[in-house]
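Each chain, written out:
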Amino acid sequence: MRPLLIVSGQALARADGLNLVRRLRDESWVDEMAERLPRSQRFCLDALLREAAADAPLLGRFVAGIRRIAREERRMLSRKRQHLRLFAVLAKQANDRSVLHLTTNVDGLTTAVATAMHGVPWPGTGETLALADLENRISQKIKQNRGLIHIPLHGEAGLLLGDLPEAELRYQFLDQGFDSPLGHMTPTLFLGAAGGLESIESRLPTTALALRLALQMLRGAHPWDEGMDSPPGTSVAADFLLLGHGVGTRADPPSSPVRRLIQQTVALPPGNAGRRIAVLHVSSSQLARTWLREQGFEISLYAADLAVQAEEVLATLSLTKTQSIRSVLDPVEPVCF
């Protein structure tokens, strides 16, 4: 069975009642900062982080706000029905193949579910893990040709990174700012989107690892029996499922890791390439849908239940191309205003 790559975005958090940008903009100073941005970027978290990064104290204040909201939401983890159902579906898929879940969300909810309930190789709350050990755990899991792996792409509210080159990762929410005995560690949100998405992998080794694994999977590289840098074309390429991500919109910069990942793998040999399916909300822009279709994605729209739609789409991956999937893919599109 083909490996599976899944990339989730803010739609997953919103499906469970968390609109992080709106919560942040409840603060008047954040709202004023957002209004200075181009209209298309005023509700884009990455754009807000970049804007705040121009002033170090402002960035610290902004990131502290993200961490406060993330802590509050983690206390309600048992109510996050969409997260819980989605990861139950992914865990079931991982019984038969390697599943790599990447997220651009920085709230840490996907990480909390993945670590606490499904034992993915990633530091749990209060745990410190050397980056080399993390890579070894992931490599061992991939060599089994099945199992669930999870990596955040843009950094996360509770994720700290130690000094390079012998980097350590620690997952911890600090209540009193960032002054702590862990002073040698830096919040990954400082290193992630706040520094721009164009070269984020040069600052965040977890992002570099995620993109390296994803590229290998989509190119059909050998499943890392002989290391993570095996040549492409030696195994079956992964299926690619995009969940509620705003890639292809005006707010999505051309330099974003997800956009680059898609464009770097769009011209794969058709005989080996996996299926590409984007699960988008019915209100998603026509611009995003058109861009994704140009990159070889089939479009599946959902109205209310993202996790259920994802489950139904994943069920179609076992169908042959001659079998009908019209009940799931490309339903009649409503007029979007």
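This structure is a prediction, so every number in the text was calculated from the model and none was measured. (Residues numbered from 1 in each chain as written. Predicted model: local features only at pLDDT ≥ 70, side-chain atom pairs only at ≥ 80, totals over all residues. Heavy atoms only, no water.)

Draft legend 1. Layout of the sheet that holds strand 10 (residues 298-302). If you trace the 6 strands from one edge of the open sheet to the other, you get 4-2-1-8-9-10, paired in parallel fashion. Strands at the two margins of the open sheet, each flanked by one partner only, are strand 4 (147-152) and strand 10. Strand-to-strand, the axes of this sheet are offset by a mean angle of 15 degrees, without reference to chain direction. As judged from the 5 bridges shared by strand 9 (residues 276-281) and strand 10, these two strands associate in the parallel manner. From the neighbouring strand, H281 faces strand 10, where its bridge partner is Y302. (Pairing = 2+ DSSP bridges. Helix = DSSP H or I, 4+ residues; strand = E, 2+ residues; numbered from the N terminus. Axes fitted to C-alpha atoms, helices over the stretch in contact; angles between N-to-C directions.)

Draft legend 2. Just the pattern of salt bridges, in detail. Under the criterion given, the structure shown has 15 salt bridges. Across the salt bridge formed by K80 and E73, the nearest N and O atoms sit 2.4 Å from each other. Each member of the pair, K80 as well as E73, carries the same accessibility label: buried. We note a salt bridge from D305 to R81, for which the minimum N-O separation is 3.4 Å. Taken together, the residues D305 in the loop between strand 10 and helix 14 (306-316) and R81 in helix 6 (residues 81-93) connect sequence positions 224 residues apart. (Salt bridge = Lys/Arg side-chain N within 4 Å of Asp/Glu carboxyl O. Buried < 20%, exposed > 50% of the residue type's maximum accessible area, 1.4 Å probe, protein only.)

Draft legend 3. Structural view of the nonpolar core. In this structure, F62, I66, I151 and L292 are the most contacted members of the largest nonpolar core, which totals 98 residues. Among the elements that make up this core, the one with the highest residue count is helix 11 (residues 205-219) (8 residues). With residues up to four places along the chain from it excluded, the contact list for I66 reads L20, L24, L45, L49, V106, A157 and L189. (Core = buried A, V, L, I, M, F, W, Y, C linked by side-chain atoms within 4.5 Å. Contact = heavy atoms within 4.5 Å.)

Draft legend 4. Spotlight on the sheet that holds strand 7 (residues 186-187). With respect to topology, 4 strands assemble into an open sheet ordered 3-6-5-7, the strand pairing being antiparallel. Every other strand in the sheet has two partners, leaving strand 3 (128-130) and strand 7 as the edge strands with one partner each. Pairing of strand 5 (residues 159-161) with strand 6 (residues 168-171) involves 3 bridges; the strand directions are antiparallel. Residue L159 lies in a different strand from strand 6, and its bridge partner there is Y171.

Draft legend 5. Examining helix 8 (residues 131-143) more closely. For helix 8, with 13 residues, the first-to-last C-alpha span of 18 Å sits near the 18 Å given by 1.5 Å per residue. Where helix 8 is concerned, the buried positions are L131, L134, I138, S139, K141 and I142. Seen from one end, helix 8 has its buried residues packed into an arc of 165 degrees, which puts them on one side. For helix 8, the secondary structure elements touched by its buried residues are strand 2 (98-103), strand 3, strand 4, strand 6 and helix 11. Among the residues trailing helix 8, N145 stands out with phi positive, at a value near 60 degrees. (Expected span 1.5 Å × (residues − 1). Arc of directions from axis to C-beta.)

Draft legend 6. Molecular detail of the packing of aromatic side chains. For the coordinates displayed, the defined rule picks out 2 aromatic pairs. With a centroid separation of 6.4 Å and an interplanar angle of 80 degrees, the aromatic rings of W29 and F62 are classed as edge-to-face. Of this pair, W29 sits in helix 3 (residues 28-35) while F62 sits in helix 5 (residues 56-74), and the two are 33 residues apart along the sequence. Among the residues examined, W29 registers a relative accessible area of 17% and is labelled buried. Judged by relative accessible area, F62 falls into the buried class, the value being 1%. A centroid spacing of 5.3 Å and a plane angle of 65 degrees characterise the contact between F240 and F297, whose relative ring orientation is edge-to-face. Of this pair, F240 sits in strand 8 (residues 239-243) while F297 is found in the loop between helix 13 (286-294) and strand 10, placing the two residues 57 residues apart along the sequence. The same class applies to F240 and to F297, which are both buried. (Phe/Tyr/Trp six-rings, centres within 6.5 Å; stacked < 30°, edge-to-face > 60°.)

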